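# Secondary and tertiary structure notes
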Amino acid sequence: MIERVRPKRYITHNCVENCIANLCDATSKDFRPLFLYSWDFGFDKYKDTIGEKIHYHSLFDIGIERYFEISEFYLNINFSAFSKLQSDIIDHIESNHILLIMSDSFTIPWNTAYNKYHLPHTYLLSFNKKEKCISVTDSFYCQENMKIHNFAVGSIEQCYSIDIKPEPLSIEKNIELLREKYLLFLNKNIENRIYDLINDLSSDLATINSIDKLTLYPSDISYATLIRRMIYITGSRYNTISFFKYIGFSEKYVEQMSLIHEKWESLKNLFIKILITKKIQLLELASNELKLLSGLENKLCNNIIKTEGYK
């Protein structure tokens, strides 16, 4: 059983990844299998703004069930749905268990979106025996564990009990299984034309003639939908670099994904500049960069499948 989870913010991780990474840190596990499905992209042409049209997952979801699947098979961390009753929660954490909590940021007092924006968020809940209080680990927002004496269960949307066991497989076997699974995932990406969706985004930018059509909340850069989605897309490419290294992919693939990550990072900064300066004409440059990225990602994915598959 974990004595204490220490918050450490991994800036390229989303909130779920941060929670699981902190659990891995506490038990000396390598969390990089979490990035099995990171190289993804979503585009929904029926949404109103560009920010709403894009996502870092093709299904427009944080993919928590996928993270649970990865955690169970490759990290030996199991998540099980748990009661949202306050008495059950308190009894559970006082028995030295940890819970994963899913809530709406709008209802979380320490969250910067509190009473402002509705965004899904996760954090860890445990009990501080020394201080006799509830302890919240939310490395996404705070670099210290927070002590809470009055916990409002009404803010909880989903609650999961966590069971952590020793590693079931050798690292070598883990990597072998991950490589097989990853090639299936990349093949599915090609079949679903994931990288062509980046080109669709490029084409859509050519129709934008107003900042209001670019993103929700354009005056609040921290919460502008476009920038938040771009941060996660950029982070997912960085995490993919880490995954490539974990499963032992060729250095040339690491270098190519590093270039892709750099271009997404530059594109994110360009969008920030557009929102601040209101220079819509810069969208032509953004559109051209997306066309280039579409080609780079498509080519890299096909090359990996051709070289690494069916050996």
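Here, residues in each chain are numbered from 1, in the same order as that chain's written sequence. The predicted origin of the model limits local features to residues at a pLDDT of at least 70 and limits the giving and counting of side-chain atom pairs to 80 or more, whereas totals for whole chains, interfaces and linings rest on all residues. Side-chain measures here rest on the full set of heavy atoms in the structure, leaving out hydrogens and waters.

### Side note on the overall build of the protein
By definition, any uninterrupted DSSP run of H or I lasting at least four residues is a helix, any uninterrupted run of E lasting at least two residues is a strand, and each is numbered from the N terminus. A count of helical and extended segments in the protein gives nine helices and eight strands. A compact globule built from 311 residues should have a C-alpha radius of gyration of about 19 Å, and the protein, at 20 Å, falls within 12% of that. Viewed in the frame of its principal axes, the protein has a C-alpha envelope of about 55 × 50 × 30 Å. Think of it in three bands: residues with accessible area under 20% of the maximum for their type are buried, residues over 50% are exposed, and the middle band is partly exposed, with areas taken using a 1.4 Å probe on protein chains only. The 311 residues of the protein split such that 52% are buried. Between two residues, a contact is recorded if the distance between any of their heavy atoms is within 4.5 Å. Taking as baseline every contact in the protein between residues at least 6 positions apart, the subset at least 24 positions apart corresponds to 69%. Values of accessible area rely on a 1.4 Å probe in the Shrake-Rupley scheme; residue burial ignores everything except the protein chains shown. Carbon and sulfur atoms make up 50% of the accessible area of the protein, which totals about 15,000 Å². The positive count covers Lys and Arg only, the negative count covers Asp and Glu only, and His and the chain ends enter neither. Taken as the charge centre is NZ of Lys, CZ of Arg, CG of Asp or CD of Glu, depending on the residue. Taking the average location of the 37 positive side-chain charges in the protein and that of its 39 negative ones, the two points are 4 Å from each other. The globule rule used for comparison is 2.2 Å times the number of residues to the exponent 0.38, while the radius of gyration itself is calculated over C-alpha atoms.

### Let's talk about the sheet that holds strand S7 (residues 146-148)
Overall, antiparallel pairing links the six strands, which are arranged S3-S8-S4-S5-S6-S7 in an open sheet. Both outer strands of the open sheet, strand S3 (77-81) and S7, are each paired with one neighbouring strand and no more. Each strand axis lies, on average, 35° off the axis of its neighbour in the sheet, ignoring direction. Against the sheet, helix H1 (residues 15-26) makes contact with S3, strand S4 (99-104), strand S5 (120-128), strand S6 (133-137) and strand S8 (156-164), and its axis sits at roughly 30° relative to S5, the strand it touches most. Across the sheet, helix H4 (residues 86-94) touches S4, S5, S6 and S8, and the angle it forms with S5 is around 60°. Whether two strands pair depends on DSSP finding at least two bridges between them. Comment: axis = line fitted to C-alpha atoms, over the contacting stretch for helices; angle = value between 0 and 180 degrees taken between N-to-C directions.

### Observations concerning the pattern of salt bridges
Whenever Lys or Arg places a side-chain nitrogen within 4 Å of a carboxyl oxygen from Asp or Glu, that contact is recorded as a salt bridge. With the rule as written, the count across this model stands at eleven salt bridges. Between Asp-204 and Lys-53 there is a salt bridge, with the nearest N and O atoms lying 2.4 Å from each other. Residue Asp-204 is located in helix H6 (residues 194-205), and its partner Lys-53 is located in helix H2 (residues 50-53); the two are separated by 151 residues in the primary sequence. Note on Asp-204: relative accessible area 17%, which makes it buried. You can call Lys-53 buried: its relative accessible area is 9%. We note a salt bridge from Glu-176 to Lys-173, for which the minimum N-O separation is 3.8 Å. You can see Glu-176 and its partner Lys-173 sitting in helix H5 (residues 171-191), three residues apart, about one turn around the helix. Exposure remark for Glu-176: the relative accessible area of 39% places this residue in the partly exposed category. We classify Lys-173 as partly exposed; its relative accessible area is 34%.

### Remarks on H5
Expected span of a helix, by definition, is 1.5 Å for each gap between consecutive residues, and there is one gap fewer than residues. With 21 residues, H5 extends 30 Å between its outermost C-alpha atoms, agreeing within 8% with the 30 Å of an ideal straight helix rising 1.5 Å per residue. Packed against the buried residues of H5 are helix H3 (64-75), H6, helix H7 (225-246) and helix H9 (283-308). Looking at the residues trailing H5, positive phi occurs at Arg-193, about 55°.

### Things to note about the packing of H6 against H9
Orientation of H6 relative to H9, taken along the N-to-C sense of each, is 170°, at an axis distance of 8 Å. Comparing the axis directions of H6 and H9 gives the class roughly antiparallel. Residues Tyr-195, Asp-196, Ile-198, Asn-199, Leu-201, Ser-202 and Leu-205 of H6 touch H9, and the partners they reach there are Leu-283, Ala-286, Ser-287, Leu-290, Lys-291, Leu-293, Ser-294, Glu-297, Asn-298 and Cys-301. For this scheme, ten residues count as nonpolar: Ala, Val, Leu, Ile, Met, Phe, Trp, Tyr, Cys and Pro. Four count as charged, namely Asp, Glu, Lys and Arg, and the remainder, Gly too, count as polar. Its residues placed into classes, the contact of H6 with H9 shows nine nonpolar, five polar and three charged. Each angle receives one of four descriptions, namely roughly parallel if under 35 degrees, roughly antiparallel if over 145, roughly perpendicular if within 65 to 115, and oblique otherwise.

Scope: geometric values only; no functional claims are made or implied.
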